[in-house]
Amino acid sequence: MSSQTQILLRHIDGSKAGQVEKFVVSNDLEIKIGRGQANNIAYDLADDSISREHCRIKVNSLLPDTYEITDLQSKNGTFVNGKAITEKTVLFAGDIIRLGKEGPTLEFDLDPKPASHIKKTRVIDAPEIPSKETKVHATGATNMTGIKTTPVKETIGKQTMQHIIQESEKKGKKRMAVISIALLLILGTGAWLVYANKPVKEIIHEKGKDSVVVIGDTSKKISPVQITKDNSKNVVFIEIGWNLKMTNGEQLYHVKVPVKEAGVINYYAAYTTNSLGAIEPLLCAKGEEPAGAILDPIGGFGTGTGFVVDPRGFIVTNRHVAAPWETTYNFKPDDFPGRLYTLNSKGGFTHVAGRVVMPQDVETWIPANAMNLNLLNVESGVTVIKGESTYMDVTFANNSIRIPAGKVTPSPSHDVAIFKIEIVEELSAVKLLNNYNEIETGSEVTVMGYPGMSPDQYVATASNDFFNRNAKVVKVPVPTVSTGIVGRLVKANAGTEKVAGYFNAMGDYYQLTINSTGPGNSGGPMFDNQGNVIGIYSAGNAKMSFAIPIKYALELMGREDVIN
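Residues numbered from 1 in each chain as written. Predicted model: local features only at pLDDT ≥ 70, side-chain atom pairs only at ≥ 80, totals over all residues. Heavy atoms only, no water.

- Looking at an unreviewed UniProt entry, one finds the protein named FHA domain-containing protein and attributed to Terrimonas rubra.

Following this line, the structure appears as structure tokens:
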């Protein structure tokens, strides 16, 4: 079986009409089709005639160029060329697959097409053309005696007349049928030309990655209004509180030491240097602080945005939203100016006179790396400091019910995280598209989120609980939509014919011309003008904002190889 052979599945109708899915053939190739996101071809939840696992196409490695389809006990059945299949069925190039009696259809094809899949040419016998019998009618004919006779005028009987009328009606009907068929052919040809010239999306499936190529005119856009209508239920509001602990469960605090100045005791935030020489806050557990010191817990709270990427409840957001201890820390204003201390020979700390600690000295400090202990023990797999959320709740748009989130999985390489919520309802998910290598500067994008600067909305809910009569006032999140363009593609590293490679300390980002965003929008989806999520909003200010390519979320979903 040639390694170059590809299975082509053309979507004839349905929500994916016009798309072409390509699968590189291998002996272990298995194409699963259904509504579940784990399928190779995953339909929208709106396609309710399709089962979660509807059917499967496999390569028969024992028979050359043989491909078999099996219905996976779907609710509405699988049909090949109009016939329901009840067992493993061999597919040939050109076969039509329908998912359910009234579901979407796909055409199965191969490229290149093996000889065994090319239909033989039918031989059609030419029909015999009957010869016309010519009738000669003579006027004033001469009979055998030579006497000219006048032809007898033939009369038409009643039955003959009825026959003529019937034949005339038949001919009229035939003419109308021919005209109707001609009109249908003209209309059908026009419709085909429109269909043939519409954009075709080719999705090429290979082991470890999927790539999408759009062929044809892509000028048909989806407005931000429609994008909002389609996805407002997929974009969630996140609230989180967290703190930093030792792995034994003890809370860690920032030490603030007392200093008597002009007869008044002032408290200064204490800092020290770690084993790498970098300045970081002086931390301790309760009961270990210097005499007279006060303790300020390391932690915080905040809000952000996320979006549903799987009907089972998986949500993607920023790492700095869902795992704040894995990103740079926001110190309080009264933490500066701070005082620097060094460890002395007695195990205590000595003040470094004249050295003042300012925000820029600790702007890159990450709580999870406090005292550098986690970095020193990373090879042995020992973790002595960990961040922990005291609460993390998810609320859907225009809703008041808070849903607790589960364990967070942060990305090791970018400001992205994924977590799961437990909910009975099957959720709808956004459409993801990794086009970071194809998108161009100037492309239109739309961001959805919950910026903190937007006015809050609250509802008061009366209690019907006999044991808790207190009414509750709850914030109801309403998403904000911001539009703009990709101003620049910021690449972490790349190369050209002239330069072997370059490095950008910031990493991979979309630089956006969207300035109406703000804190709280972090983790929101960034859509292209086709309604696909291509990035994750991450940071911004009054002049510029940034989003992360969706490929980093796909890595966390297990759909991107880390090592090629």
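1. Regarding the pairing of strand β6 (residues 67-71)
Phase 1: Within β6, four of the five residues are buried, which leaves it mostly tucked inside the rest of the structure.
Phase 2: Where strand β5 (residues 55-59) and β6 come together, five bridges link them in antiparallel fashion. Across the sheet, residue Val59 finds its bridge partner in β6, namely Tyr67.
Phase 3: One ladder, built from three bridges, connects β6 with strand β9 (residues 89-91); its direction is antiparallel. Looking at the pairing, Tyr67 lines up with Leu91 of β9. (Buried < 20%, exposed > 50% of the residue type's maximum accessible area, 1.4 Å probe, protein only. Helix = DSSP H or I, 4+ residues; strand = E, 2+ residues; numbered from the N terminus. Pairing = 2+ DSSP bridges.)

2. Details of the nonpolar core
Phase 1: The biggest cluster of nonpolar side chains holds 36 residues, and the ones touching the most others in it are Leu244, Tyr271, Trp365, Phe419 and Ile421.
Phase 2: Secondary-structure elements contributing two or more residues to this core are β14 (235-246), β16 (264-273), α3 (319-322), β24 (385-396) and β27 (417-420).
Phase 3: Here this core gets five residues from one element, more than from any other, and that element is β14. (Core = buried A, V, L, I, M, F, W, Y, C linked by side-chain atoms within 4.5 Å.)

3. A look at the pairing of β5
Here is the key point about a regular strand: its side chains alternate between the two faces of the sheet.
Phase 1: Residues Cys55, Ile57 and Val59 line the buried face of β5, whereas the alternating positions Arg56 and Lys58 sit on a face that is not buried.
Phase 2: Bridge count between strand β3 (residues 30-34) and β5: four bridges; the pairing is antiparallel. When the sheet's bridge partners are listed, Lys32 is paired in β5 with Arg56.

4. Observations concerning the sheet that holds strand β34 (residues 509-512)
Phase 1: Taken together, six strands build a closed barrel; the order of strands is β28-β31-β34-β37-β36-β35 and the barrel is antiparallel. Adjacent strand axes in the sheet meet at a mean angle of 45°, parallel and antiparallel pairs treated alike.
Phase 2: The sheet contact formed by strand β28 (residues 444-449) and strand β31 (residues 480-490) spans six bridges and is antiparallel. If you follow Thr446 over to β31, its bridge partner there is Thr483.
Phase 3: Relative to the sheet, helix α2 (residues 224-231) contacts β28, β31 and β35 (525-528), its axis offset from that of β28 by approximately 40°. (Axes fitted to C-alpha atoms, helices over the stretch in contact; angles between N-to-C directions. Contact = heavy atoms within 4.5 Å.)

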